[in-house]
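Residue-level structure breakdown
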Amino acid sequence: MISTARATLVPAGIWAVDPSHSTVGFSVKHLGIATVRGEFDEFEGTLEIDDGDASARAFGTVQGVSVNTKDAGRDEHLRSADFFGVEANPELRFESTRVTPVDGDTFEIEGDLSMNGVTKPVSLTAEVQGLETDPWGNERVGLEVRGQLNRRDWNMTFNQALGSGNLLVGEKVKLQLDIAAVKQG
């Protein structure tokens, strides 16, 4: 299990992400002054927690075509080769390479993120929001996962300089995942 000397973060087992109670989101600056948020509507993920920190794993996939920023034109542009390139690379994939406890409810997840035909390492911070048994007897865990990346590292280079010196689309992308996972069998 992922643990520290003080507390257990997530009990041992295989945990499947519940998409109807989870979000996989991102935010990026537009014109250097406003934050645009988006989500992916189609995704899945798994946490494999064994009795020991070294063996904990997290992995998941996102369907790039499901990007949703509440603007159909922008979403279509994000699906294009300028950004996610979903025609050639329909899935975004993440697989952890290391999970390290930080304190009683937080851990760092290092892993490889593949999107737009490029695989690069990323670091995420996950905070356990709680453990609960639902009315049907299923064990659930809630996680808030945050991270940041530079989209240029994944060959997402579309941009336009503005007269003010700002860019049309920010290069720094913040990742926000709010995960509810259900313990399997």
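Residues numbered from 1 in each chain as written. Predicted model: local features only at pLDDT ≥ 70, side-chain atom pairs only at ≥ 80, totals over all residues. Heavy atoms only, no water.

Examining the packing of aromatic side chains
In total, this model carries three aromatic pairs according to the counting rule given. Measuring from centroid to centroid gives 5.6 Å for Phe-26 and Phe-40, while their planes differ by 45°, and the two rings are tilted. Of the two residues, Phe-26 sits in strand β4 (residues 23-30) while Phe-40 sits in strand β5 (residues 34-40), which places them 14 residues apart along the sequence. Residue Phe-26 shares its accessibility class with Phe-40, and that shared class is buried. Each member of the aromatic cluster is reached from another via a ring pair, and the members are Phe-26, Phe-40 and Phe-84. (Phe/Tyr/Trp six-rings, centres within 6.5 Å; stacked < 30°, edge-to-face > 60°. Helix = DSSP H or I, 4+ residues; strand = E, 2+ residues; numbered from the N terminus. Buried < 20%, exposed > 50% of the residue type's maximum accessible area, 1.4 Å probe, protein only.)

Digging into the environment of Gly-163
With respect to the helices and strands, Gly-163 occurs in the loop between β12 (139-150) and β13 (169-183). In this structure, the C-alpha to C-alpha distance between Gly-163 and Asp-134, residues 29 residues apart in sequence, is 54 Å.

Observations regarding the layout of surface pockets
Taken as a whole, the largest pocket spans an internal volume of roughly 920 Å³. Contributing to the lining of the largest pocket are 45 residues, with Val-24, Gly-25, Phe-26, Phe-40 and Leu-175 lying nearest its centre. If one sorts the elements of the lining of the largest pocket by residue count, β4 sits on top with six residues. Looking at the lining of the largest pocket residue by residue, the classes come out as 32 nonpolar, eight polar and five charged. Approximately 220 Å³ is the volume attributed to the second largest pocket. As for the second largest pocket, its lining consists of 13 residues, of which Ser-27, Val-28, Lys-29, Lys-172 and Lys-174 are closest to the centre. For the lining of the second largest pocket, the elements supplying multiple residues, two or more each, are β4, β5 and β13. Looking at which element gives the most residues to the lining of the second largest pocket, the answer is β13, with six residues. Here the residues of the lining of the second largest pocket sort into three nonpolar, five polar and five charged. (1 Å grid on protein atoms, 1.4 Å probe; cavity = no way out; pocket = protein on both sides within 12 Å on 5 of 7 lines; lining within 4 Å. Points joined across faces, edges and corners; volume = space filled by probe spheres on them. Nonpolar A, V, L, I, M, F, W, Y, C, P; charged D, E, K, R; others polar.)

With respect to the environment of Gly-45
Inspection of the secondary structure assignment puts Gly-45 in strand β6 (residues 43-49). The class for Gly-45 is buried, based on a relative accessible area of 12%. Separated by 23 residues in sequence, Gly-45 and Ser-22 have C-alpha atoms that sit 10 Å apart. Apart from the residues lying within four places of it in its own chain, the contact partners of Gly-45 are Trp-15, Ala-16, Val-17, Phe-59 and Gly-60. (Contact = heavy atoms within 4.5 Å.)

Re unusual backbone geometry
Of note, Asn-116 is a non-glycine position whose phi angle comes to about 55°, a positive value. Relative to the assigned elements, Asn-116 resides in the loop between β10 (106-115) and β11 (118-133). Relative accessible area serves as the criterion here: at 12%, Asn-116 is assigned to the buried category. In this structure, Asn-155 is a non-glycine residue whose phi angle is positive, near 60°.

Focus: a positive patch on the surface
Together, Lys-29, Arg-37, Lys-172 and Lys-174 make up a region of like positive charge exposed at the surface. As for its placement among the helices and strands, Lys-29 is situated in strand β4. Owing to a relative accessible area of 40%, Lys-29 belongs among the partly exposed residues under this scheme. (Patch = residues over 30% accessible without salt bridge, like charges linked within 9 Å, V, L, I, M, F, W, Y side chains within 5 Å. Areas by Shrake-Rupley, 256 points an atom, 1.4 Å probe, with all protein chains shown as cover. Salt bridge = Lys/Arg side-chain N within 4 Å of Asp/Glu carboxyl O. Lys, Arg positive; Asp, Glu negative; His and termini not counted. Charge placed at Lys NZ, Arg CZ, Asp CG, Glu CD.)

Purely geometric stuff here, so don't read any function into it on its own.
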